[in-house]
Amino acid sequence: MAVIEATDENFSDELNTHSNVIVKYYADWCGSCRLFNPKFKRLSGDDRFDGVTFLNVNAEKNENARKAAGVTNLPYFAVFKDGQLLDSVASSKEDVVVDLINKLN
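Residues numbered from 1 in each chain as written. Predicted model: local features only at pLDDT ≥ 70, side-chain atom pairs only at ≥ 80, totals over all residues. Heavy atoms only, no water.

S.K.: Describe in detail helix α2 (residues 31–44), supporting the description with residues and values.
M.R.: Across its 14 residues, α2 extends 20 Å between first and last C-alpha, which sits within 8% of the 20 Å expected from 1.5 Å per residue. At N37, α2 shows its largest kink, close to 35°, and the proline P38 lies no more than four residues downstream. Among all positions of α2, only C33, F36, F40, L43 and S44 are buried. Looking at the packing, one finds that the buried side of α2 touches β2 (20–26), β3 (53–58), β4 (76–81) and α4 (94–102). (Helix = DSSP H or I, 4+ residues; strand = E, 2+ residues; numbered from the N terminus. Expected span 1.5 Å × (residues − 1). Bend = angle between axes of the 7 residues up to and from the residue. Buried < 20%, exposed > 50% of the residue type's maximum accessible area, 1.4 Å probe, protein only. Contact = heavy atoms within 4.5 Å.)

Set out below in structure tokens:
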């Protein structure tokens, strides 16, 4: 599945349309965020995560989406189940993100 670029305008719709969602919050200036992009894209196509929707959100340009997860640092990852925040973490380690996604099961 492809990674969807979400904004304040469609963020709520994405959360309400998909029951299992992981969001990567990033900023254009964030080097660690850019380095994680290929990992996030690869994870989105991983068979283990069928049924999980992957969203990218620019934290600097989308204040409402950022506040929905209480973003404190970048890159920041949050999982939403049925539109509700389940858990979140600031990390650039793939295994930490995989553990977070696994909480959706």
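S.K.: Provide a residue-level description of the side chain of K24, including the pertinent values.
M.R.: Looking at the secondary structure, you find K24 in strand β2. One buried charged residue, K24, forms no salt bridge at all, with the nearest opposite charge on E5 at 7.2 Å. Engagement of the side chain of K24 in a polar contact is seen with the side chain of N56, the distance being 3.3 Å. Ignoring sequence-local partners within four residues, the contact set of K24 consists of C33, F36, N37, F40, L55, N56, V57, Y76 and F77. (Lys, Arg positive; Asp, Glu negative; His and termini not counted. Salt bridge = Lys/Arg side-chain N within 4 Å of Asp/Glu carboxyl O. Polar contact = N/O pair within 3.5 Å; in protein donor to acceptor, adjacent residues only side chain to side chain.)

S.K.: Lay out the packing of α2 against α4 in plain terms, naming residues and giving numbers.
M.R.: Between α2 and α4, the least distance of the axes is 11 Å, while the angle of their chain directions is 35°. For the pair α2 and α4, the sense of crossing is right-handed. Where α2 abuts α4, its residues F36, K39, R42 and L43 lie against E94, V97, V98 and I101. In the contact of α2 with α4, the residues fall into 5 nonpolar, no polar and 3 charged. (Axes fitted to C-alpha atoms, helices over the stretch in contact; angles between N-to-C directions. Left-handed = near helix turned anticlockwise from the far one by under 90°. Nonpolar A, V, L, I, M, F, W, Y, C, P; charged D, E, K, R; others polar.)

S.K.: Residue-level account of the state of the cysteines, with values.
M.R.: As enumerated under the stated definition, the model contains 1 disulfide in all. With its sulfur 2.3 Å from that of its partner, C30 forms a disulfide with C33. Here C30 and C33 share a disulfide; its torsion about the S-S bond, 80°, makes the bridge right-handed. By relative accessible area, which is 4% here, C30 ends up buried. Among the residues examined, C33 registers a relative accessible area of 2% and is labelled buried. (Disulfide = S-S within 2.5 Å.)

S.K.: I'd love a proper account of the nonpolar core, names of residues and values included.
M.R.: Side chains of nonpolar character tend, in soluble globular proteins, to be buried together. Ranked by internal contacts, the top residues of the largest apolar core, which has 20 residues, are F11, V23, Y25, V57, A69, L74 and F80. Elements supplying a minimum of two residues to this core: α1 (11–17), β2, β3, α3 (63–69) and β4. Setting aside chain neighbours within four positions, we find F80 in contact with F11, L15, S19, N20, V21, V23, Y25, A68, A69, L85, L86 and L104. (Core = buried A, V, L, I, M, F, W, Y, C linked by side-chain atoms within 4.5 Å.)

S.K.: Which residues make up the sheet that holds β4, and what are the values?
M.R.: Taken in spatial order, the 5 strands line up as β1-β3-β2-β4-β5 in an open sheet, and their pairing is mixed. The open sheet has two free edges, formed respectively by β1 (4–6) and β5 (84–90), since each of these has just one partner strand. Across the sheet, the mean angle from the axis of one strand to that of its neighbour is 25°, orientation sign disregarded. Alignment of β1 against β3, held across 3 bridges, turns out to be parallel. Along β3, the bridge assignment pairs A6 with V57. In this fold α2 packs onto β2, β3 and β4, with an angle of close to 165° to the strand it touches most, β2. Across the face of the sheet, α4 comes into contact with β2, β3, β4 and β5 while running at roughly 10° to β4. (Pairing = 2+ DSSP bridges.)

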